Amino acid sequence: MQLSGRGVSCVRGEREVFSGLDFEAGSGEAVAVVGRNGSGKTSLLRLIAGLLIPAGGTIALDGGDAELTLPEQCHYLGHRDALKPALSVAENLTFWADFLGGERFDTGKGLATVGLDHAADLPAAFLSAGQRRRLSLARLLTVRRPVWLLDEPTTALDVAGQDMFSGLMRGHLARGGLIVAATHAPLGIDSRELRIGGAA
Amino acid sequence: MQLSGRGVSCVRGEREVFSGLDFEAGSGEAVAVVGRNGSGKTSLLRLIAGLLIPAGGTIALDGGDAELTLPEQCHYLGHRDALKPALSVAENLTFWADFLGGERFDTGKGLATVGLDHAADLPAAFLSAGQRRRLSLARLLTVRRPVWLLDEPTTALDVAGQDMFSGLMRGHLARGGLIVAATHAPLGIDSRELRIGGAA
Amino acid sequence: MTALTALIRRDIRIALRVGGGALIGVLFFLTVVVLMPFAVGPDLALLSRLGPAILWLGALLASLLTLDRLFMADHEDGSLDLITMSRTPLELACASKALAHWLAAGLPLIVATPVLGLLLNLDMVATGAVALTLLAGTPALTFTGMIGAALAVTLHRGGLLMAVLVLPLSIPVLIFGVAASQAAIVGPMTFGAPFSILCALSLVSLVIGPFAAAASLKHGLD
Amino acid sequence: MTALTALIRRDIRIALRVGGGALIGVLFFLTVVVLMPFAVGPDLALLSRLGPAILWLGALLASLLTLDRLFMADHEDGSLDLITMSRTPLELACASKALAHWLAAGLPLIVATPVLGLLLNLDMVATGAVALTLLAGTPALTFTGMIGAALAVTLHRGGLLMAVLVLPLSIPVLIFGVAASQAAIVGPMTFGAPFSILCALSLVSLVIGPFAAAASLKHGLD
Amino acid sequence: MTLIDLANPTRFLALTARLLPWLAAATIILLAIGLYQSATAPDDYQQGATVKIMFIHVPNAWLSMFVWGVMSIASLGTLVWRHPLADVAAKAAAPIGASFTFLALLTGSLWGRPMWGTYWEWDARLTSVLILFLMYLGLMALWRAVDEPSRAARAAAVLTLVGAINLPIIKFSVDWWNTLHQPASVMRMGGSSLDRSFLIPLLVMAVAFTLLFVTLHLAAMRNEILRRRVRSLQMMQASRVAFAEVGTGSREGSTSKEAGAA
Amino acid sequence: MIMSLGPYASFIVTSYAAAALVVVILIGWIVLDHRSQTQRLRELERSGVTRRSGRSATDRP
Ligand code: HEM
Ligand SMILES: Nc1ncnc2c1ncn2[C@@H]1O[C@H](COP(=O)(O)OP(=O)(O)OP(=O)(O)O)[C@@H](O)[C@H]1O
Ligand SMILES: Nc1ncnc2c1ncn2[C@@H]1O[C@H](COP(=O)(O)OP(=O)(O)OP(=O)(O)O)[C@@H](O)[C@H]1O
Ligand SMILES: [Mg+2]
Ligand SMILES: [Mg+2]
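Each value, and the rule that gives it
- Positions within a chain are numbered from 1, following the residues in the order the chain's sequence is written.
- Note on labels: chains are lettered from A, ligands numbered from 1, in written order.
- In keeping with the predicted nature of the model, local features appear solely for residues at pLDDT of at least 70, side-chain atom pairs appear and are counted solely at 80 or more, and the whole-chain, interface and lining totals rest on all residues.
- Calculated side-chain values reflect all of the structure's heavy atoms, with hydrogen atoms and water omitted.
- Each helix is a run of DSSP H or I of at least 4 residues and each strand a run of E of at least 2, with the numbering of both proceeding from the N terminus.
- With a 1.4 Å probe rolled over the protein chains alone, any residue whose accessible area is under 20% of its type maximum counts as buried; one over 50% counts as exposed, and the rest are partly exposed.
- In what follows, a contact means two residues having at least one pair of non-hydrogen atoms within 4.5 Å.
- Only Phe, Tyr and Trp rings take part, Trp by its six-membered ring, and two of them pair if their centres are within 6.5 Å. Stacked means planes under 30 degrees apart, edge-to-face means over 60, and tilted covers everything else.
- When DSSP locates at least two bridges between a pair of strands, those strands are taken to pair.
- Where helices are involved, their axes are fitted lines through C-alpha atoms of the stretch in contact, as for all axes, and angles between N-to-C directions lie from 0 to 180°.
- Throughout, the term roughly parallel applies to angles under 35 degrees, roughly antiparallel to angles over 145, roughly perpendicular to angles from 65 to 115, and oblique to all others.
- Put simply, Ala, Val, Leu, Ile, Met, Phe, Trp, Tyr, Cys and Pro go in the nonpolar bin, Asp, Glu, Lys and Arg in the charged bin, and everything else, Gly too, in the polar bin.
- Being near a molecule or strand, for a residue, means having at least one of its heavy atoms within 4 Å of it.
- Throughout this description, a polar contact denotes any pair of N or O atoms lying within 3.5 Å of each other; where both atoms belong to protein, one of them has to be capable of donating a hydrogen while the other can accept it, and for residues adjacent in sequence the pair is counted only when both atoms sit in side chains.
- For every accessible area listed, the method is Shrake-Rupley and the probe measures 1.4 Å; residues are considered covered only by the protein chains on display.
- By definition, a salt bridge exists where a carboxyl oxygen of Asp or Glu is found within 4 Å of a side-chain nitrogen of Lys or Arg.

Engineer: Any details on the side chain of S136(A)? Residues and values, ideally.
Structural biologist: Residue and element names in this part refer to chain A. The topology assignment puts S136 in helix α4 (residues 129-142). Exposure remark for S136: the relative accessible area of 1% places this residue in the buried category. With near-sequence residues (within four places) excluded, S136 lies in contact with L77 and D81.

Engineer: Report on the packing of aromatic side chains, specifying residues and quantitative values.
Structural biologist: All names here are of chain E. One pass over the full model with this rule turns up 13 aromatic pairs over all chains. A centroid spacing of 6.2 Å and a plane angle of 35° characterise the contact between F102 and F133, whose relative ring orientation is tilted. On the criterion of sequence distance, the pair formed by F102 in helix α3 (residues 84-116) and F133 in helix α4 (residues 124-145) is long-range, its members being 31 residues apart. By relative accessible area, F102 is classed as partly exposed at 35%. Assessed through its relative accessible area of 16%, F133 is described here as buried. Put simply, the rings of F66, F100, F209 and F213 touch in pairs and so form one group of aromatic residues.

Engineer: Which residues make up the sheet that holds strand β3 (residues 30-34) of chain B, and what are the values?
Structural biologist: All names here are of chain B. As summarised here, the arrangement of the five strands in space is β5-β6-β7-β3-β8, forming an open sheet in which the pairing is parallel. Two strands bound the open sheet, and with one partner strand each, they are β5 (74-77) and β8 (192-195). Neighbouring strand axes in the sheet, compared pairwise and without regard to direction, differ in orientation by 15° on average. When β3 meets β8, the two strands line up parallel, connected through four bridges. Bridge pairing links V34 to R195 in β8.

Engineer: Help me get a handle on the packing of α3(E) against helix α1 (residues 9-46) of chain F, residues and values and all.
Structural biologist: Following both chains from N to C, one finds α3(E) and α1(F) inclined at 170°, their axes separated by 9 Å at the closest point. Relative to α1(F), the element α3(E) lies roughly antiparallel. Residue-level contacts link P95(E), I96(E), S99(E), F102(E), L103(E), L106(E), T107(E), L110(E), R113(E) and P114(E) of α3(E) to F11(F), T14(F), S15(F), A18(F), A19(F), V22(F), L26(F) and W29(F) of α1(F). For the contact of α3(E) with α1(F), a count of residues per class yields 13 nonpolar, four polar and one charged.

Engineer: So what's going on with the sheet that holds strand β3 (residues 30-34) of chain A? Residues and values would help.
Structural biologist: Backbone-to-backbone hydrogen bonds join strands into a sheet, with any given pair of strands oriented parallel or antiparallel. Residue and element names in this part refer to chain A. An order of β5-β6-β7-β3-β8 is seen for the five strands of this open sheet, with the pairing classed as parallel. Two strands bound the open sheet, and with one partner strand each, they are β5 (74-77) and β8 (192-195). Averaged over all pairs of adjacent strands, the angle between their axes in this sheet comes to 15°, without regard to strand direction. Alignment of strand β6 (residues 147-151) against strand β7 (residues 178-182), held across five bridges, turns out to be parallel.

Engineer: Provide a residue-level description of the site of ligand 3, including the pertinent values.
Structural biologist: Lining the immediate environment of ligand 3, one finds 21 residues, of which K41(A), T42(A), S43(A), S128(B) and G130(B) sit closest. Surrounding ligand 3 is a set of residues that belongs to chains A, B and C. Note that an oxygen atom of ligand 3 is positioned 2.8 Å from one of the backbone N or O atoms of G38(A). In the complex, 93% of the free accessible area of ligand 3, which totals 630 Å², lies under the protein chains. Residue assignment for the shell around ligand 3 shows that the elements contributing at least two residues are β2 (15-26) and α1 (41-48) of chain A together with α4 (129-142) of chain B. A class-by-class count of the residues in the shell around ligand 3 yields four nonpolar, eleven polar and six charged.

Engineer: Tell me about the pattern of salt bridges, residues and numbers included.
Structural biologist: This structure, assessed with the given rule, holds 35 salt bridges over all chains. A salt bridge links R46(A) to D81(C); the nearest nitrogen and oxygen atoms lie 3.0 Å apart. Separated into two different chains, R46(A) in helix α1 and D81(C) in helix α5 (residues 79-85) make up a pair that spans both. As far as the burial class goes, R46(A) and D81(C) line up, both buried. Residue D81(B) is joined to R132(B) by a salt bridge in which the shortest nitrogen-to-oxygen separation is 2.9 Å. Here D81(B) is found in the loop between β5 and α2 (89-100), whereas its partner R132(B) is found in helix α4, with 51 residues between them in sequence. Exposure remark for D81(B): the relative accessible area of 14% places this residue in the buried category. Residue class for R132(B) comes out partly exposed when judged on its relative accessible area of 22%.

Here it is as structure tokens:
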């Protein structure tokens, strides 16, 4: 499997963010997107996720499921965590598992993996910043998607949380997945660097 | 000047977060609040800022302005950045300068310090995560407050941004201010550690 | 299919839990209806003549005003990104959300109608007619309102702009809803004609709404 | 003082810029008024009799429904935390926000009244009377509505809950507003009596509103 | 490129610059003829001199619908073909269409007073025109509310197409509901029933107003293109300054990497 | 020639006057808009930003 972009350019608010960007990521590989604030890391992830339309160039996944579009084969973890404060922690996770199609997903085990099993019945509104982040990480486990798009995934995680998360990423890579992560801090796994917008 | 808490305890959502916490910070000193996710770092900062009411214990600032309450002598920088997407970057900053009472504050210079002067006329909605964070950092410069309460202030900042911010903090401490910052990453300045809720 | 039922169940659950839809919508409906007599004056004959109109207006405002956050809330917390990316066609997802909204916020209004009919001095037949027209007409309100809700997301604006954009579209629904109720009560027209137009409006909006909303969401990606 | 003027200027600017308050509120008002005749039917005599009531109801809904985000938006983006902590008394800050809201969303309604009066077949005197009562009464709506907006923040609920909480408070305003307008048009009461009660209501709410809102915000800290 | 594909609009600007004076002249001549003819038209045996209002009312009423039609086609251009001039055309048309609709409403109600004894009546046609006016206003509010033209364009396009449902309602309302307003007499199956002495000036005025619309629309489109040019230049200025600025952003301790970027 | 407009002269005159006024306002708006846009364009171009200059221009305004 091979995710590749050729000459991708991005325009937001009528200003060019970057242009002519080439990149590549194969099975089992992690790409760390780095660059100054405002250089377009988040924009690149949203382009891959189909949430923005490229102003030029192409992005394609070779060797994936030919019947599905690229976004349909991605997990996207953005700044906003897609949690409903009114629902309990377990309800939030179960919803995403059902909606994304993870039929035999065990919510309890998923929560235990990210260290939230004790909070399963709390409303999500009561979670601290790091706990929210852990809950959205759990979404990555609900259903298998070959491509993970992660936007500053370790934000607000404590040290133990970061270890847990590197473990998850390593597992995903070992199963042949690929990861594109925007980050300012080290990811905690081996990764290739993709720099946007010149040295920071 | 001395900020001190004695036997502070905190209850949120009818559950005790921590209790019997003592802490202390003097002029020119930075305290880094650390602890697991959900241990109560944010809660502690909000207690000091007067945005939560302690379930027990007292928090006081000695040697400050006797006519002002503790919250009135604090800058609080939380997860949410108090920016209005509809206003331009400069308008956002000018508003806070006026509202907080920084009469002779030069918006252009403030923006230049955080590296946003080129974006002064953009709507704040167009900013990237790190640019938003830089803009809220600029609020610390509008008017002098002895106590800075910072909740994971370096989130989303790039390396240059973190350097810029350590510079700001060092300047504040050198002018006799004090800082209480909740953080998972190193702050980039010398600081005393205050651990909540046992080792992570 | 499970994806859509999961979406519907989640939305209904949120609406019921935080009082976001059902209870509050009904309360609002009640208050508007209670306000009317104050505005109109305590003339019972006039009141029962205006009854269907007042009920329809109340239902219209209540159902439109709960609609404005239909997509906005999902947009703000990032859920909409994931829904757009998912394997479920966006049109179906939009339709499901609207259906959930109607179940949580539209149906209770209809259930509450008999009680409010009492307050407005309407007889059994009149109340029944109004309830029936509401049952046939409120889906049209929800499914046209949905277009406005989607536009509101695209435009980063909530609330009133959406109401303003969508209210003109709902005027025909209101006209025929009231006309059918009046016909059932006083004649001289037959109930059937305006009622079938009302049903036709609902059916048309059931088709146009999800497509227009999905188009607007897709083109408004950011 | 500069802090308060800064707050007022910011709020007005946001309201005007995104079309959040002024323009949209007026358009909503217009649409609600336009909806009424559809519901009530094209009976001009009845319409002009209901005219003041319709205008008042429209103004009430338009001004309340723009109010619901008065504090909620500031709460969601964290501005409210900073406003609470600042050296400006919270009561004054609340009052300023309400004043800004009235200037941006209430005044335009009054300016639009003559146009709408035409649509509803009201004569000059009637239109003038309605506009005057709105001028005296809408501050009361804003300043009582503010309490609901503050409660909505405390309770983590926006929109309709707030409207439901506040509508009962605004019923007296509505009653006397309509009464005064009707008195000016048809008699038999004098205009003066209900009008002075209306003014009194406004004055009272000018005092109570900010205190109640500030108290509710302070106790609802979280 | 985003900053609007300039090649096409540039040709448009050049072309319209040559076309506009002729259009304006033709408009003025036709308007003059039309006004003269309507001044000298005989009084109607029923309506008296008030029939002269028709020469203003009917062209404006037609145009109010015509302009929405133009905007609908432009909207298709925006959504389907993504033509760069389409949203310019749609945006420029809205205020002009709103003005015509306003005039149709105003002259209609001024005519209604002597004819029906009331300025306003909640009749299906009048109301659907009022709704049209409201939708014009809503559309203009929408353009104003969004600072990004391309984003506003797509939303406005969806709304315009949905609103086009109103056009057949306006056109056929008089046939579907038996109302005060008179049914079509000029454009209908089986030829016009209007007397020639009214028909000729009416048609001349209608053509004149249509030309007026074309002229104003082209001029407004030119303005809109210029406005976008100004915008993109300002944007470019902003991003250029941004490039000059990298590295001075942080005072303290800029790293060696960072200096290299400037 | 003096036209006799009958008892409703004011209505007729108002219609024509309103139409004239609205058209004049439209024209005025378009002309003024054109002036201000060309003016701003000229200012921008004078300050060194041209459509194809891109990043090559060096000095800050
Ligand atoms: C505010 C009030 C009015 C509005 C909004 C209005 C609207 C319209 C519209 C939209 C049309 C074009 C219809 C089409 O092409 O089929 C029209 C045509 C016309 N209107 Fe009005 N109208 C109003 C009042 C009146 C009044 C009071 C009269 C005269 C008694 C009148 C006489 C006509 C005539 C003669 C036509 C031409 C019909 C034809 O030949 O197709 N209108 N009006
Ligand atoms: N609004 C709330 N209502 C009820 N309980 C809450 C609320 N916010 C947080 N809590 C609970 O209070 C505890 C402390 O939360 P807090 O946000 O202070 O943690 P934190 O130390 O800042 O964590 P993190 O490192 O994840 O930011 C958590 O267990 C959380 O579940
Ligand atoms: N919604 C938007 N509309 C217009 N412009 C935007 C929008 N979001 C971001 N931008 C602009 O696009 C550029 C890239 O933003 P992006 O969020 O991709 O940066 P980033 O690399 O993720 O930065 P950070 O490190 O701060 O997260 C920025 O200059 C920003 O101003
Ligand atoms: Mg980012
Ligand atoms: Mg925290």
